[in-house]
Each structure stands twice: as C-alpha cells, then as structure tokens.
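# Structural overview for review
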Amino acid sequence: MAEPMTLEAFEEASEIVRKVTSETKLVYSEYFSEQTGNRVYFKPENMQYTGAYKVRGAYYKISTLTPEERERGLIAASAGNHAQGVAYAAKLAGAKATIVMPTTTPLMKVNRTKSYGAEVILHGDVFDEALNYAMALEEERGATFIHPFDDLTVATGQGTISMEIIKELPTVDYILVPIGGGGLCSGVSTLAKLLNPKIKVIGVEPAGAACMKESAKQGQVVELPEINTIADGTAVKRPGEHLFPYIQENVDDFITIEDTELIVAFLDMVENHKMIVENAGLLTVAALKHLNVQKKKIVSILSGGNMDVITMASIVQHGLIQRDRVFTVSVLLPDKPGELAKVSALLAEEQANVIKLEHNQFISINRNAAVELRITIEAYGTDHKNKIVGALNAAGYRPKLVKSKGTYSD
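One structure accompanies this document, and this report is about it.

## Some details on helix α10 (residues 183-195)
- Relative to the 18 Å expected for 13 residues at 1.5 Å per residue, α10 spans 19 Å between its end C-alpha atoms, a close match to the ideal helical length.
- Within α10, 11 of the 13 residues are buried, which leaves the element mostly enclosed by the surrounding structure.
- Here α10 has its buried residues at G183, L184, C185, S186, G187, V188, S189, T190, L191, A192 and K193.

## Section: the sheet that holds strand β7 (residues 174-178)
- On the basis of which strands lie adjacent, the open sheet formed by six strands has the order β1-β2-β10-β7-β8-β9 and mixed pairing. Of all the strands in the sheet, the pair left with one neighbour each is β1 (27-29) and β9 (253-257). Here the average twist between neighbouring strands, direction ignored, is 25°.
- Across the sheet, α10 touches β7, β8 (200-206) and β10 (297-302), and the angle it forms with β7 is around 160°.

## Quick word on the environment of E249
- Along the chain, E249 falls in helix α12 (residues 244-250).
- Taking the C-alpha atoms as reference, E249 lies 67 Å from A341; in sequence the two are 92 residues apart.

## Here we look at the sheet that holds strand β6 (residues 144-145)
- Ordered by their spatial adjacency, four strands build an open sheet running β5-β4-β3-β6, and the pairing between neighbours is parallel. Lying at the two open borders of the sheet, with one neighbouring strand each, are β5 (119-122) and β6.

## Structural notes on the pattern of salt bridges
- By the definition in use, this model includes 21 salt bridges.
- Here K342 ties to E339 by a salt bridge, and the two come within 3.4 Å at their closest N and O atoms. One end of the pair, K342, and the other, E339, are both in helix α16 (residues 339-349), three residues apart, so they sit about a helical turn from each other.
- Note on K342: relative accessible area 48%, which makes it partly exposed.
- R374 is paired through a salt bridge with E372; the nearest N and O atoms lie 3.2 Å apart.
- When salt bridges that share partners are traced, they join K43, E45, R56 and E164 into one network.

## Digging into a nonpolar patch on the surface
- A cluster of nonpolar side chains, contributed by L7, L194 and L195, occupies part of the molecular surface with about 230 Å² of accessible area.
- For L195, the location among the structural elements is in helix α10.

## Some points on the packing of aromatic side chains
- All chains considered together, the criterion is met by six aromatic pairs.
- Aromatic side chains F32 and F42 sit 5.6 Å apart centroid to centroid with 85° between the ring planes, which places their arrangement in the edge-to-face category. Residue F32 is found in helix α2 (residues 30-36), and its partner F42 is found in strand β2 (residues 39-44); the two are separated by 10 residues along the sequence. The residues F32 and F42 share a single accessibility class, namely buried.
- Taken together, a centroid distance of 6.0 Å and an interplanar angle of 55° make the contact between Y49 and Y116 tilted. Here Y49, found in the loop between β2 and α3 (55-63), pairs with Y116, found in the loop between α6 (107-115) and β5; they are 67 residues apart in sequence, far enough to count as distant.
- Pairwise contacts between aromatic rings join Y31, F32 and F42 into one cluster.

Rules behind the numbers
- Residues numbered from 1 in each chain as written.
- Predicted model: local features only at pLDDT ≥ 70, side-chain atom pairs only at ≥ 80, totals over all residues.
- Heavy atoms only, no water.
- Helix = DSSP H or I, 4+ residues; strand = E, 2+ residues; numbered from the N terminus.
- Expected span 1.5 Å × (residues − 1).
- Buried < 20%, exposed > 50% of the residue type's maximum accessible area, 1.4 Å probe, protein only.
- Pairing = 2+ DSSP bridges.
- Axes fitted to C-alpha atoms, helices over the stretch in contact; angles between N-to-C directions.
- Contact = heavy atoms within 4.5 Å.
- Salt bridge = Lys/Arg side-chain N within 4 Å of Asp/Glu carboxyl O.
- Patch = residues over 30% accessible without salt bridge, like charges linked within 9 Å, V, L, I, M, F, W, Y side chains within 5 Å.
- Areas by Shrake-Rupley, 256 points an atom, 1.4 Å probe, with all protein chains shown as cover.
- Phe/Tyr/Trp six-rings, centres within 6.5 Å; stacked < 30°, edge-to-face > 60°.

Written out as structure tokens, the structure is:
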C-alpha cells in the first residue's frame, strides 16, 4: 500500500473505493448560481448507499488492514455517518464491527448502523465521550480501531472526492468542504492542491463547534470547552492531531455558519433541488452566501443526508417561521357575535391562509373590552406578512406578533 496522503495513495484509494461507492455526479444549481453570481455545483455525497461520504475512508482503511487485524474485529466511534460507513465496509470485508455512538444520535442512524450487522453501543452525550469509551473498549477487547477522522489512511479515502470533482470539472475555482474533525477536509484539500495548487479550498464549520478555525488561529490543535450545534455530524470539540498540518498547509480559509442559516439552507435544498441534506452537509450550502467572489466555478460538498423525520419536521417548521411564511399574531376583540367573522373576512381578502385559531375569553375581567384571538397564518413571505399585519392595523385591531417563546412584540 502507498504512503497515505500522497498522489499515489489517492489514486490507489480512488480505484478501491469505486467498488463500494455510487457515482455522485456534480449537480449544477441554477438557483444558487443566480443567488450568488457564480456557477455553483453540488457534490451530492448524500446520495451514497450509506447516506454519506464516510464509506470511502472506512472501506479504504479496512482494505489496508492485515487479515489478523480484521479477525480481531473492528471498533469505531461515530455520531452516525462513520458508523454506517464502517459497518457497511466491515460487512463487505467479512469482519465484525462494534460502533460506539452518543446517546443523542438520531434513531435512524442507529438503526441503519445495526442493519449492516454491527453491534451498537450508546454511550455519552457528545461524540468525544463516545470516542473515549470506544478507545477504552479497543484496549479491553484487543480490536482494531477505525478512527472517524484522525487517521491519514481514512482521510486519504475521503479525499477521493477531489479526484472525482476535478475529473468532472477540471476548471473548478473553489471547493467548499464541511469540517468536523478534519478527515474530509484534509483529504479533499491535500489532493486538490496536489492536482491543481490554484484551486481554493474553504473549510466550513458550525459556529457552535468551530474547533478547526480556532486551532488554525492559535497555530496548534486546541479543544473547545463546549460545543452547541444542530450539525451533529460536525459536533467535535477537538480536531485531528495528525490531520492538522495538512489543514494548515492546504486550506485557504474558514467560514463559520450559524444554526439558523442551516435551517434556511435545508428549505432551499428541498424546494429547489428536491434533496434531503443533513445539517452538517448543509454547511457548504449556507457558506455560498459568505463568499465574496463573482463568476467563479464553486463546488459545495454535500457530505451526507442521514436525517430522521422528526428532525426534518422541526427544521421545516422553524424554516417557515424564519422566512415569515408562518407567523402568529394576537388581536383583542370585543366579546360579541360577528367579530370573528370580521377578522376572517379581512384575512381572506388579504389571501392569508389560517392554520390555527386560539380564542381566549379570560384575558380580561371586562369581556366586552377584550377577548384575545391568536391566529397562526401561512403567508408567501415577509412582504405578504407585512401586508396582512398592516391590514389588521388599518382595521383597528392593533395586532401583536407572537414570538416562539410566547412573548409579544409590536
């Protein structure tokens, strides 16, 4: 086997991972190209059989193991996607796999990992706690550990994505890569620079877990005291020690993304590309609006699509609220027949679709003076919402917008 993170190793890995990966051709995005003034393409690794790119590094790593190392069994820690990659790759290699996952891992990821024949152990609230437990089990059981990111062979397997991007789009200017521990970004950036040093590689992290950006700023690997992000696939406190030098050398810049931006990006991908992309994979979609460039060819890597339905429903709901397509207003009415009909007629005239009504007669002792009506409304967006609120104001209802926590604002 070739020395990892060399051109020879990347070429070797590309041939090997082809046996287990789907062909994820670049998808041109007319919507995001118009939004940003660039030519935007997506590398849809969310369409892999295991739902993420992780099968690349896992399968390549296992292919380099000796028969004796495989027979001892494999062990890994993962928030979900590496788990499925290792479990699937182990199944193909005829090896037994044990995966330690945080207790907060979405049920779909847990069940999918089990479906590939792996033993799943739930331990710890965050990935780092699961990782420490898996490393303790490695010693106890004498198993072969497959690190989710801090392994140069694993990172080489992940980097095969660059080979495919550049073969399909040789004139690519920018590649945007999500960062958790750094395995994907180190592999992609290293191979991209080996093939064409002019390509700019941008690492994208959640603002609530930007361990790599902080490490790059300090010039050494640092551990964040705490992390908080909905992008569970990149929720890592400390980046990979072995990978850090490659990130320092080959990544041109870092962008951090707020969770609220991921919610909007999810809606954009569903509505414009009919794609389900998990929060970590949406980092590079949200980052498109942060790039201060024009007329460039940009590839955003969609790292995965493993999102459970409950999370999906919550994100859609929050996204609609953020975009003013769903909102709630409170109005005060006299408690007498016909008042509700007047409000309903006004809303119908403004083409406001009523989702829910709450009628509270007990907001005031004087029922003639005040009965509260809370109306949850579906609108076309901010302009339509403002028009509806303006019409209610003009009719003398003095509507108050109801915030999600139940407080009011004018």
